[in-house]
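Chain residues, written in single-letter form:
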There are 2 protein chains.
Amino acid sequence: MSVTIKDVAKLAEVSISTVSRVINNSASVSPEARRRVLAAIDKLGYKPNQVARSLVTKKSNLIGVIVTDIGNSYVAQMMRGIEEVGRMYNYDILLSSSYGNPKTELKFAELLRSKQVEGIILISEDVDEAVIDVIKEFNIPFMYLNKYYKVSNLPSVSIDNYEASFMMTKYLLELGHENILYITVNNDKVGSVEKDKIEGYRKAMEEFKKDELILSTKDFTVEAGYDMGNILENLIDERNITAVFCCQDEIAIGLINYCYDSNIQVPKDISICGYGDTKMASIYRPSITTIKEPYYDIGAVAIRRIIKELEGDKIEEPSIYLPIQLIKRESCRRI
Amino acid sequence: MSVTIKDVAKLAEVSISTVSRVINNSASVSPEARRRVLAAIDKLGYKPNQVARSLVTKKSNLIGVIVTDIGNSYVAQMMRGIEEVGRMYNYDILLSSSYGNPKTELKFAELLRSKQVEGIILISEDVDEAVIDVIKEFNIPFMYLNKYYKVSNLPSVSIDNYEASFMMTKYLLELGHENILYITVNNDKVGSVEKDKIEGYRKAMEEFKKDELILSTKDFTVEAGYDMGNILENLIDERNITAVFCCQDEIAIGLINYCYDSNIQVPKDISICGYGDTKMASIYRPSITTIKEPYYDIGAVAIRRIIKELEGDKIEEPSIYLPIQLIKRESCRRI
DNA sequence: GTGAAAGCGCTAACAA
DNA sequence: TTGTTAGCGCTTTCAC
């Protein structure tokens, strides 16, 4: 068996309380006793059993994170922020992947709870009120991170999508583009950020007195972007489209792939920009003009807020918005 | 406070032992008592405290994973496999990122231990014997995953790099390429898989009676690949190089980026292949011919082996090699 | 089939 | 400054 506090106490010839005091620095211990305890700890290679400690202190120092899919680049970036900041404050991360299944999310939430996590971060790509309600009832700090939807009154960290979309559209307009296509993803659900982004696009187009043109694709994948290719090809001729604002980098990449395959040159023949600034956007050629969503920071701020709440701070504003950035790269040119 | 086994016992008017028996199905309980207990559990929304349970059973159902950086695509893929298979067997994942720092790895290893993890998976990119030794001493199932180094006699899951490299080189030769450049990364450390890969390349070149040409770059990054560009440009002229086998996809992508910027067409002017089959390799244009390292499976098999060991199976072979695949895409052409 | 009691490894009164 | 003791929430003998 592994060595316990008793073994240390015996070897150091003190009581277990004294050992406990030494390892927790919780009360004054005579230099002599401390020395003996430390020596014993060293000799035995004693490491306190955190499980036992948790049981009595009711502090697990665990924060549960439920993600859709850790294989998604942006999720991994958020995890980095979560992990790194959590670590600074001595919190460990219990990870579970739901693959977008609400049933699984629910199961994991309860599992995390039974493991006594002190807070939960849910990274979701859909909205399921049932899961949210259950987690809320746990009465522990909770952060809801969703790149695609807003849920009002839920503590979260995100960006101002309206502003970002407006900024990007304006940039394209200022480059001289007059006919700018916005590619969104079919979505009627309440809270979809696409609504805000479309508003931002519209606002800018109106300001420049240009006609809007919005098309939907089926989802946020490279394939969906690729599939928009032939429609775009027609639009270039028929509507003299010179720039496309894609609602996600993946779609932009798919579209540029189509162009590559069809000998349409980007940005010479058409300017294409994305949204998100995933890793790929900077590595791909042409490198992609996009909006940088600060994934790392979103994760970092989310866990920081949880820890603050754990430390007693009440969080005032449920939603925090982080600054975005327009990243100008090769895929969009002045016209 | 949250509801405990006592509350359930009181409401059901049985002893806590009976409640325990019901939730664990550990001994026969009269139908009537079971019914009452179940009703009480349901009414109170009772969830057993896993921490308390762990303390007595000495089973935490936790597996600790130390990764270099969850932001790396291949690490995230491995994590998927680890998480998903762990979940099937009811194990939770405690995640920590070392960012390659051995001191941090060590600290996390001990932290994980004190959290009573039942097994540890270390995903590393360097070799630090000290860390390995410490983890070994924990005497719990341990898997060592390292894409770049082999450490003999350590339980691990990897691929046969010699074979993979041989296969790829042979493929290029069979496409008609005669002068094939292999780009490796400067590395004298023992156990580097680059040694095996170079051997595989050599073997194939010898078999086809061609001269080898090997160059080193500084690390496994896109930038390092890009930096090889001008050297390659000269080599195309001077040595009539028609194909480049890069030891990692990132380097291949960097090199192709250079070509893109310098109006060298891939694969028309030069064929370039990579190694790893990261996500990027299939999305990038031209799509990249590469060796598929089965990251997901590596993670899945690693944790499965840990669980098997936890279940009492002794693991015979320390190292397991998973099958690789040659993925033929656009970046290499017949000559 | 069931309850009482011991104990997992630890912290935190409390008393000395 | 120190030791004794009670418990954290649970499982598991051991009697009955």
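Preceding this paragraph is the structure being described.
Structural notes, computed from the coordinates. Quick caveat: nothing in here was measured; it's all calculated off a predicted structure.

Looking now at the pattern of salt bridges. A side chain with one charge may pair with a side chain of the opposite charge, provided their charged atoms come close. All names here are of chain B. Across all of its chains, the model carries 42 salt bridges over all chains by this definition. Note that Asp277 and Lys292 form a salt bridge whose closest N and O atoms lie 3.8 Å from each other. Here the residue Asp277 occupies a position in the loop between strand E9 (271-273) and helix H13 (279-283), and Lys292 occupies one in strand E10 (residues 290-292), the gap between them amounting to 15 residues. For Lys292, a relative accessible area of 32% corresponds to the partly exposed category. Of the charged contacts in the structure, one is a salt bridge between Arg329 and Asp277, with a shortest N-O distance of 3.1 Å. Of the two residues, Arg329 is situated in the segment after strand E12 (325-327) and Asp277 in the loop between E9 and H13; the sequence distance between them amounts to 52 residues.

With that settled, consider the protein's contact with DNA strand C. Taken together, 29 residues sit near DNA strand C, with A:Ile5, A:Tyr46, B:Arg21, B:Ser28 and B:Ser30 positioned nearest. For DNA strand C, the fraction of atoms within 4 Å of the protein that belong to sugar or phosphate moieties is 66%. The separation between a base nitrogen of DNA strand C and a polar side-chain atom of B:Ser17 is 2.9 Å. Here B:Ser30 contributes a side-chain N or O atom positioned 2.6 Å from a phosphate oxygen of DNA strand C. Among the secondary structure elements, those contributing two or more residues to the surface near DNA strand C are helix H1 (5-12), helix H2 (16-24) and helix H4 (50-57) of chain A together with helix H2 (16-24) and helix H4 (50-57) of chain B. No other element matches H2(A), which puts six residues into the surface near DNA strand C.

Quick look at the packing of aromatic side chains now. Summed over all chains, the structure comprises 13 aromatic pairs over all chains. With a centroid separation of 5.4 Å and an interplanar angle of 50 degrees, the aromatic rings of B:Tyr74 and B:Tyr295 are classed as tilted. With B:Tyr74 in helix H5 (residues 73-88) and B:Tyr295 in helix H14 (residues 295-310), the pair connects residues that are 221 residues apart, well separated along the chain. Owing to a relative accessible area of 6%, B:Tyr74 belongs among the buried residues under this scheme. Aromatic rings pair up to connect A:Tyr182, A:Tyr201, A:Phe245 and A:Tyr275 into one cluster. In this structure, A:Arg87 packs its charged tip against the face of B:Phe108, placed 4.1 Å from the ring centre. Against the face of A:Tyr74 rests A:Lys147, its NZ or CZ located 5.3 Å from the ring centre.

Rules behind the numbers
Residues numbered from 1 in each chain as written. Chains lettered and ligands numbered in written order. Predicted model: local features only at pLDDT ≥ 70, side-chain atom pairs only at ≥ 80, totals over all residues. Heavy atoms only, no water. Salt bridge = Lys/Arg side-chain N within 4 Å of Asp/Glu carboxyl O. Helix = DSSP H or I, 4+ residues; strand = E, 2+ residues; numbered from the N terminus. Buried < 20%, exposed > 50% of the residue type's maximum accessible area, 1.4 Å probe, protein only. Near = heavy atom within 4 Å. Polar contact = N/O pair within 3.5 Å; in protein donor to acceptor, adjacent residues only side chain to side chain. Phe/Tyr/Trp six-rings, centres within 6.5 Å; stacked < 30°, edge-to-face > 60°. Lys NZ or Arg CZ within 6 Å of the ring centre and 35° of its normal.

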